[in-house]
Amino acid sequence: ICFALTFLVPASVPAAPAAATAAAAMFSRSTAAAIRILGRRQGPQARNFGAAAAFGTAGAATWGLSAQRERATRCEADPVVVGTAVLGGAVGALGGFFYGKSKADAVQEKYATYWPRKIMMVFGAPGAGKGTQGPKIVDMLDIPQLSTGDMLREAVAAGTEIGKKAKDVMASGALVSDDIVIGIIADRIKADDCKNGFILDGFPRTVAQSKALDAMLATTGEAVSLVMAFDVDPAVLEERVCGRWIDKASGRSYHVKYASPKSMKVGPDGKPIPDTMKDDITGDKLFQRPDDTAEALKKRLDGYKNQTVPILDHYAPRGIVKNIDGGAPIAAVWAEVKAKLANGTK
């Protein structure tokens, strides 16, 4: 309408410059209002790009009118200049809106595919690949991986009410109760970085803890939405776990078969000579964790089978347990993980 007004006001009318100016200003205000409305519907991306386009509209109209003001003393306002500027601004505004809308649509598509709030658990025996795939899921979905140990330390350091309870219990040498852990999780998942979801790491470890977690989530109308279980043959797990060597200072991990340090030398028995296992960067001696042995692994696998597997049985009737072939090559494992992250997959 404002665009048309710039042509309807005759150029010979002395008031034409003022009318054209008002038209351009009205168009700019209308554009900004429309962008605000559409932005609320389409998301922050559309709003940001739309706002930029609206300012561009005002700037274009102002530029067109500057020459017009100069000619106003001669009553020679040129509505074509103003109309062209406004039209150019309108095109910019629409372009900005649709560009922003495409961004918002992409976010909406991702939301429909992976959310509402993704509440995940990742299970697997030692060496099954959780440590490799977990960070990739975090990066892809932009949700945090929450370790119970880290959450406990953060709550204690922050001096929260539940953190003080945990501190007192730990100071006495007792184990932190499930109620306290659930309370710490309940506080942590209210943080802004959890608004789209989170991955629980190291919890629950028993069916009783699973039920307590379910009850806590139910208070806000939520539930666990995905449980990923990495399945790997025990013989493969032994090879993976028993071949690991760690740099204590940096945490860099090596493997005698898959990622050996440059300094490694093998003895007559085919095993690496411990004194030759050194960090590639610092040259410091590497070490093996006490539980990265065949004997320790067997105990850990028994514990996993007796405690963790029943958790999978607990959630299986809901259709949210997705099994991953953790024995496949890393790229193939990640491809399967990505496919099963989407809602509705099996």
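Residues numbered from 1 in each chain as written. Predicted model: local features only at pLDDT ≥ 70, side-chain atom pairs only at ≥ 80, totals over all residues. Heavy atoms only, no water.

Visitor: Can you help me understand unusual backbone geometry in this one?
Guide: For residues that are not glycine, phi is negative in most cases, and the peptide bond is trans in most cases. With an omega of 0°, the peptide bond between Phe-203 and Pro-204 qualifies as cis. Position of Pro-204 among the secondary structure elements: in the loop between strand E3 (197–201) and helix H9 (207–218). Not every positive phi belongs to a glycine, and Asp-142 is a case in point at roughly 55°. The residue Asp-142 is located in the loop between helix H5 (130–141) and strand E2 (145–147) in this model. (Helix = DSSP H or I, 4+ residues; strand = E, 2+ residues; numbered from the N terminus.)

Visitor: Is there a simple way to explain the packing of H9 against helix H11 (residues 294–315) in this structure?
Guide: Between H9 and H11, the least distance of the axes is 9 Å, while the angle of their chain directions is 40°. The orientation of H9 with respect to H11, classified from their angle, is oblique. Listed contacts from H11 to Val-207, Ser-210, Lys-211, Leu-213 and Asp-214 of H9 are Pro-310, Ile-311, His-314 and Tyr-315. (Axes fitted to C-alpha atoms, helices over the stretch in contact; angles between N-to-C directions. Parallel < 35°, antiparallel > 145°, perpendicular 65-115°, else oblique. Contact = heavy atoms within 4.5 Å.)

Visitor: What should I look at first to understand the pattern of salt bridges in this one?
Guide: Side chains that carry opposite charge are capable of pairing whenever their charged atoms lie near each other. Across all of its chains, the model carries 14 salt bridges by this definition. Between Asp-247 and Arg-252 there is a salt bridge, with the nearest N and O atoms lying 3.6 Å from each other. (Salt bridge = Lys/Arg side-chain N within 4 Å of Asp/Glu carboxyl O.)

Visitor: Can you help me understand the environment of Asp-284 in this one?
Guide: Position of Asp-284 relative to the elements: it lies in the loop between strand E6 (253–255) and H11. In the structure, Asp-284 is positioned 37 residues away from Asp-247 in sequence and 7.3 Å away in space, judged by C-alpha atoms. If we skip the residues at most four places from it in the chain, Asp-284 touches Asp-247, Met-277, Lys-278 and Asp-279.

Visitor: Could you clarify how one ought to interpret the sheet that holds E3 in this entry?
Guide: The strands making up a sheet associate through backbone hydrogen bonding, with each pair oriented either parallel or antiparallel. Taken in spatial order, the 5 strands of this open sheet run E2-E3-E1-E4-E7, and their pairing is parallel. Whereas interior strands pair on both sides, the edge strands pair on one side only; in this sheet they are E2 and strand E7 (321–325). Direction aside, neighbouring strands of the sheet carry axes that sit 25° apart on average. In this sheet, E3 lies alongside E2 in parallel orientation, the contact comprising 3 bridges. For Leu-146, the partnering residue across the bridge sits in E3 and is Leu-200. (Pairing = 2+ DSSP bridges.)

All we've got here are geometric facts, nothing functional implied.
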